[in-house]
Amino acid sequence: MNSKTTNNTKNDLVDYTLHLADSSLIMGHRLSEWTGHGPMLEQDIAISNIALDLIGQARNFYQYAAEIINSNEEEKNVTEDDLAYLRDAGEFKNLLMTELPNGDWAKTIGKIFFFSTWQFYFYQKLIYSAERQLAAIAEKSLKEVTYHVRWSSDWVIRLGDGTEESKKRMKKAISELWPYTGEMVVPASFESNLENRVCIDVSSIKDDWFKKIKAILEEATIDFPDEKIWMQSGGKNGIHTEHLGFILAEMQFMQRAYPGLEW
Amino acid sequence: MNRTEPLWEVFIRSKQGLEHKHAGSLHAADAEMAIENARDVYTRRMEGVSIWVVESKYLHATNPDESESLFDPANDKIYRHPTFYDLPDELKYM
């Protein structure tokens, strides 16, 4: 392998790791917006726990990304904080689903449901990655995600098979979020470039993932959405909804205004 | 806030081999939600390995007004304590 290929592979691996880090961070940040605003104390704590799990996953991925970047002599000493707080929207590779506003409780539940079930099948494969660090993060995260799946599935069923009002809201949430599931199972170029034993083929988790969604929606007495509608995409390539900029403005404010600030 | 969910009592076992202890109470719509809530509220700092929940209405309690007659008579009966035995060091949790 010549050094150009090695560098390209390295860049793809960084992008891949950042994509996973960004998705978890933005999802975690969004969920943290519920802290202090949950519909009841117990759920406030539950959702804050999930947010913390996700931010923890993001940290692991950012640390690994920084490690790969720094292994290149020409690079400076990049830290996890630089990657989280000093990149702009166009450099973020998170799934669009994660940056969407929380909306009402049903919408937030729908987001966690789609995202955590996707993560569940994704991590189940990533634990076999030839990149030991990615595999290790996946293994640690899988335990957390398994609970997120259980918790959000219960809520989808509870709301869907609940009152007339809760069903209406859950149905609306599912149909509004559905167009954002498309890019979650279509590989970005950095994914296609990487070897299959390093990065997983996201299209291969689609069947299991959809089967799970179908089963839960059925129990929630909500129709499975139309698979053939037009799907949103772009998140993994840095093309985002208008919402991401506002998230970053808030999340990165401290580091931008007071560079290097610690607390 | 208008709360319609019933109250549940939560019991946590902190370690295999130990008994479940009362940890507190919380609101939940049903047993499943109560267990999830208990997990999130009471075990997030590694406090537990097992959770029991029971709806508070199923607990029956002593009446505080009867405390004197129920508990005071035990006060001066030191001979009921098995404190006169020497326990081997290996015996824990007695």
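Residues numbered from 1 in each chain as written. Chains lettered and ligands numbered in written order. Predicted model: local features only at pLDDT ≥ 70, side-chain atom pairs only at ≥ 80, totals over all residues.

Draft legend 1. Spotlight on the overall build of chain B. The secondary structure content of chain B amounts to two helices and three strands. If you list the helices and strands of chain B from N to C, you get β-β-α-β-α. Taking 12 Å as the expected radius of gyration for a compact globule of 94 residues, we find that chain B reaches 18 Å, considerably beyond that expectation. Counting only C-alpha atoms and orienting by the principal axes, one finds that chain B spans roughly 50 × 40 × 20 Å. The proportion of buried residues among the 94 residues of chain B is 16%. A sequence separation of at least 24 residues applies to 46% of the contacts in chain B between residues at least 6 apart. (Helix = DSSP H or I, 4+ residues; strand = E, 2+ residues; numbered from the N terminus. Rg over C-alpha atoms; globule rule 2.2 N^0.38 Å. Buried ≥ 20, exposed ≤ 12 C-beta atoms within 10 Å, placed from the backbone. Contact = placed C-beta atoms within 7 Å.)

Draft legend 2. Layout of the nonpolar core. Counting residues in hydrophobic clusters, the biggest one holds 73 residues, and the most contacted among them are A21(A), F61(A), Y62(A), A65(A), M97(A), V156(A) and M170(A). Those residues in contact with A21(A), other than ones at most four positions away along the chain, are A58(A), F61(A), Y62(A) and A65(A). (Core = buried A, V, L, I, M, F, W, Y, C linked by C-beta atoms within 7 Å.)

Draft legend 3. Structural view of the interface of chain A and chain B. Chain A puts seven residues into the contact, and the matching count from chain B is nine residues. At the level of elements, α2 (41-70) and α6 (132-160) of chain A are the ones that each hand at least two residues to the side of chain A that touches chain B. Top contributing element to the side of chain A that touches chain B by residue count: α2(A), with four residues.

Draft legend 4. Just the packing of helix α5 (residues 105-126) of chain A against α6(A), in detail. Axis separation between α5(A) and α6(A) bottoms out at 7 Å; the angle between their running directions is 145 degrees. Between α5(A) and α6(A) lies a crossing of left-handed hand. (Axes fitted to C-alpha atoms, helices over the stretch in contact; angles between N-to-C directions. Left-handed = near helix turned anticlockwise from the far one by under 90°.)

Draft legend 5. Quick look at the pairing of strand β2 (residues 20-27) of chain B. Residues and elements named next belong to chain B. In the sheet, strand β1 (residues 7-13) pairs with β2 via seven bridges, with the strands oriented antiparallel. Looking at β2, one finds that R13 is bridged to H20. The antiparallel pairing of β1 with β2 creates a hairpin that spans six residues between the two strands, and G17 there sits at a positive phi of about 95 degrees. (Pairing = 2+ DSSP bridges.)

Draft legend 6. Fine view of helix α7 (residues 164-177) of chain A. The end-to-end C-alpha distance of α7(A) is 20 Å, a good match for the 20 Å that 14 residues give at a rise of 1.5 Å each. On its buried face, α7(A) is in contact with α5, α6 and α9 (206-219) of chain A. (Expected span 1.5 Å × (residues − 1).)

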